[in-house]
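Per-entry structural report
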Number of protein chains: 2
Amino acid sequence: MAGAPAAAPPHAVIVGAGFGGLNAAKALGKAPVRVTLLDRRNHHVFQPLLYQVATAGLSPGEIAYPIRAIVRRQRNTEVWLAEATAIDLDHRRVVLADGALDYDFLILAAGARHSYFGHPEWEPIAPGLKDVEDALDIRRRILLAFERAEREPDADRRRAELTFAIVGGGPTGVELAGAIADIARRVLAKDFRAIDPREARILLLEGGPRLLPAFPPRLSAKAETMLRQLGVEVRTNALVTALSADSLAIGGQTFNAATILWAAGVTASPLARSLGVPLDHAGRVPVQPDLSLPGHPEVFVLGDLATLRDARGHFLPGLAPVAIQQGRAAAANILRSLRGQPRRDFHYRDKGNLATIGRARAVADIAGLQLSGPLAWLVWIFVHILYLIGFRNRLLVATEWSWDYLSFQQAARLITGRIHWTAKGGA
Amino acid sequence: MAGAPAAAPPHAVIVGAGFGGLNAAKALGKAPVRVTLLDRRNHHVFQPLLYQVATAGLSPGEIAYPIRAIVRRQRNTEVWLAEATAIDLDHRRVVLADGALDYDFLILAAGARHSYFGHPEWEPIAPGLKDVEDALDIRRRILLAFERAEREPDADRRRAELTFAIVGGGPTGVELAGAIADIARRVLAKDFRAIDPREARILLLEGGPRLLPAFPPRLSAKAETMLRQLGVEVRTNALVTALSADSLAIGGQTFNAATILWAAGVTASPLARSLGVPLDHAGRVPVQPDLSLPGHPEVFVLGDLATLRDARGHFLPGLAPVAIQQGRAAAANILRSLRGQPRRDFHYRDKGNLATIGRARAVADIAGLQLSGPLAWLVWIFVHILYLIGFRNRLLVATEWSWDYLSFQQAARLITGRIHWTAKGGA
């Protein structure tokens, strides 16, 4: 490899241990390369279940797994807890917040954060859901809102404390809205004396014409019906025009809501900008069919950080299965290059789409089948337990879910982090 | 009750939902009183297992339980998430950070924090272990030390990163030292490439002549032997004379340790000072045999906040069983007063003493029996699962422990909270 001493095996650096980076690392586990897997966190997070941590259904330890433990048996793999701040393509170097790392091959899988459509000032008001800290922050805001309402003498302010607005009607927004409606109506119902949590108002605001745009219209309609049955107010074609700490405006209409959650849009990691290549509107890197960076065959970009069209010319969605398959494909193409074989283009095998709606309901668009209700929910449970990393996590999550289902309880509803009594409820 | 309208039932306010306050609240569940249970947190913590959260054996959600969920069926009981800042004995009022609450009966069970023997500047350097936030902070420091060591080129600094000093040889110090030795030698051994976690140096420093002073000397010796077998360096008569961010001095001797944990002493909640009564050296409130405040029969003080001698003239220890029994006794005395019956003096039924030493070992001083080793450990497991609140938590903890024991893994080793790359390891 250019830049690599003849003797030493080439050095493959992977930035990000999400679904893409982790699967690339695993695929390189027995390869004749030295692998360094970088992440800002010491754990991999199973993002599809983050919303359950945010809504007190699960504990972080049940959906997160130490990265070192996952690759501990790969002798060729090192794990670095480090933050990549820039990529120096010319010198084949990853610049870190506290150092630098040279590479022969680079796999960029740093993912995305939420996007506030040019309103960065909205982020502290309306947090999004991307990592464990986000989830615990959202859990804290939801539970503290009920606590504040319990002690609020003024009826209007109490109403505002019990109003939860979720911006964005994709899977995350739908799952958050359903889960909040659930804990308000089932879990917390008996916990309070001054308020009735069942009176909580949950608004789900979607800018487009329908919920779950990635699903078939029929399932979007099903999801909306199921959410309404849970008491969620669904509004489509509802674009947020203004946000304050306790209110939100849609066009002329204003809603008082003490808790506002953001599930509306994502933007790629700022790392993409450091590449100096043209990016798409969401800050993603357009990649070659083999997932490499144009003009840089030694650099691969994947997952939420990359943008690529499938055979039918549609852009690939920002879903876990895409990242997982791309991670494996990038690793395979590195091995092909090492063997002097031609690379292969990436083809996404669409395994379908799933989203839960509260307790015991879901919509599923799988292998041409469109399911909704309890059956789809069973499929959802099966798939998610199956994909969780580690027998321990599967066992714990299965235990929690059985317990929650049978007891109508959700005991993970802990508020952690010091509470600041001067601040508004300390949220 | 004086101050209470004739019609309304008397108002019993309980400050603190630890072992003492929670058991008082439960004992008043069917009583003809209105109960308000105040706590700064929304959850009760099973403190005897906090050290396992700190050493990545358990998740917070497995040893903490929402207070509202515990008393949800007590229709006479309200839960307030609030911080009591002072007690106004004359006006029978609890002053809150954000309001006030009048009482007819008051049960003060606000517990204790750690004491740094007149060195408050040591607290940020050497955190103690009292709540979930403390435990997650300590876990974070321990795991980040290994992460920093893995990337530290300088041998001396690496040695310091891998040195853990625990100040205080009581149960908490002994259990922390044993658990850290365990994860270093068993759990993390295969996780790193540049360092060998088994080389971690664990120092346990006790100011007195022996570990576990509350145990019989024979068991103190056993505990020390078992700790040495785990590779822990035990030093008795070792008084800390100076502390810095990465070193600690005992008399003339200096140790370089990047992680210093404090398990040396406790001081009662500052709430005690607001009573305006004489306190003991640890800031505790001397109480009457019926647990009431001298001159204030309507006020009870218990648990770590109170000091009382038993029949033999010994001071009662700051243990969970003492607080639990005192909580029930205070509630019973309130009921007696309401019925016009004479109050009873509190008598502590000593159920014995337990402490674990790493994996599969413990010392137990129970019912005249002095046990050590695996048998004591089985007793310890049985007792702790038994006393955990809620079937769910028992189930989850039993699952985790079985898994850890069979797999030699401990997957709860997550570093949570944003990492600040500029700060030393972000700890």
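Note: the structure precedes this text.
Quick look at the structure, then. Remember, it's a predicted structure, so these values are computed and weren't measured experimentally.

What follows deals with the overall build of chain A. Secondary structure summary: chain A contains 11 helices and 25 strands in total. The C-alpha radius of gyration computed for chain A amounts to 22 Å, which stays within 12% of the reference 22 Å derived for 427 residues, consistent with globular compactness. Residue pairs in contact within chain A that sit at least 24 positions apart in sequence constitute 64% of those at least 6 positions apart. Distance between charge centres in chain A, computed from 50 positive and 40 negative side chains, equals 6 Å.

Quick look at the relation of the copies chain B and chain A now. For the pair of chain copies, the relating transformation is a rotation about an axis with a translation along it. It takes a turn of 180° to lay chain B on chain A, together with a shift of 0.0 Å along the axis; the resulting RMSD is 0.0 Å. What we have between these two chains is a two-fold relation. Looking at chain B, 100% of its interface residues are interface residues in chain A too, so the copies touch through the same face.

A few words now on the side chain of asparagine 353 of chain B. Relative to the elements of secondary structure, asparagine 353 of chain B occurs in strand β23 (residues 353-356). For asparagine 353 of chain B, the residues in contact, after removing those within four places along its chain, are Ala214, Phe215, Leu319, Val363, Ala364, Asp365 and Ile366 of chain B.

All names here are of chain A. Counted according to the given criterion, the structure contains 12 aromatic pairs over all chains. Ring plane angle 25° and centroid distance 4.7 Å describe the contact between tyrosine 116 and tryptophan 262, whose orientation is recorded as stacked. Taken as a pair, tyrosine 116 in the loop between β10 (112-114) and α5 (132-150) and tryptophan 262 in strand β17 (residues 259-262) lie far apart in primary sequence, 146 residues in all. An identical accessibility class is assigned to tyrosine 116 and tryptophan 262; each is buried.

Attention now moves to the pairing of strand β9 (residues 105-108) of chain A. Moving residue by residue along a regular strand, the side chains alternate between the two faces of the sheet. Residues and elements named next belong to chain A. With burial as the criterion, each face of β9 is covered, one bearing Phe105 and Ile107 and the other bearing Leu106 and Leu108. Across 3 bridges, the pairing between β9 and strand β21 (residues 296-301) is parallel. Counterpart to isoleucine 107 in the pairing with β21 is phenylalanine 300.

A few words on the sheet that holds strand β7 (residues 93-96) of chain B. Whenever strands of a sheet pair, they do so through backbone hydrogen bonds, lying parallel or antiparallel. Residue and element names in this part refer to chain B. Strand order in the open sheet made by the 3 strands is β6-β7-β8, with antiparallel pairing throughout. Of all strands in the sheet, those bounded by a partner on one side alone are β6 (84-88) and β8 (99-102). Neighbour-to-neighbour, the strand axes of the sheet open up by a mean angle of 20°, direction not taken into account. Two strands pair when backbone bridges link them, and β6 and β7 are joined in this way by 4 bridges, in the antiparallel orientation. Note on β7: the bridge partner recorded for aspartate 88 is arginine 93.

Let us now look at a positive patch on the surface. Residue and element names in this part refer to chain A. There is a patch of like positive charges on the surface, built from Lys26, Arg328, Arg349 and Lys351. Inspection of the secondary structure puts arginine 328 in helix α9 (residues 320-338). Classification of arginine 328 as partly exposed rests on a relative accessible area of 44%.

Definitions and limits used
Residues numbered from 1 in each chain as written. Chains lettered and ligands numbered in written order. Predicted model: local features only at pLDDT ≥ 70, side-chain atom pairs only at ≥ 80, totals over all residues. Heavy atoms only, no water. Helix = DSSP H or I, 4+ residues; strand = E, 2+ residues; numbered from the N terminus. Rg over C-alpha atoms; globule rule 2.2 N^0.38 Å. Contact = heavy atoms within 4.5 Å. Lys, Arg positive; Asp, Glu negative; His and termini not counted. Charge placed at Lys NZ, Arg CZ, Asp CG, Glu CD. Least-squares fit on C-alpha atoms with pLDDT ≥ 70 in both. Phe/Tyr/Trp six-rings, centres within 6.5 Å; stacked < 30°, edge-to-face > 60°. Buried < 20%, exposed > 50% of the residue type's maximum accessible area, 1.4 Å probe, protein only. Pairing = 2+ DSSP bridges. Axes fitted to C-alpha atoms, helices over the stretch in contact; angles between N-to-C directions. Patch = residues over 30% accessible without salt bridge, like charges linked within 9 Å, V, L, I, M, F, W, Y side chains within 5 Å. Areas by Shrake-Rupley, 256 points an atom, 1.4 Å probe, with all protein chains shown as cover. Salt bridge = Lys/Arg side-chain N within 4 Å of Asp/Glu carboxyl O.

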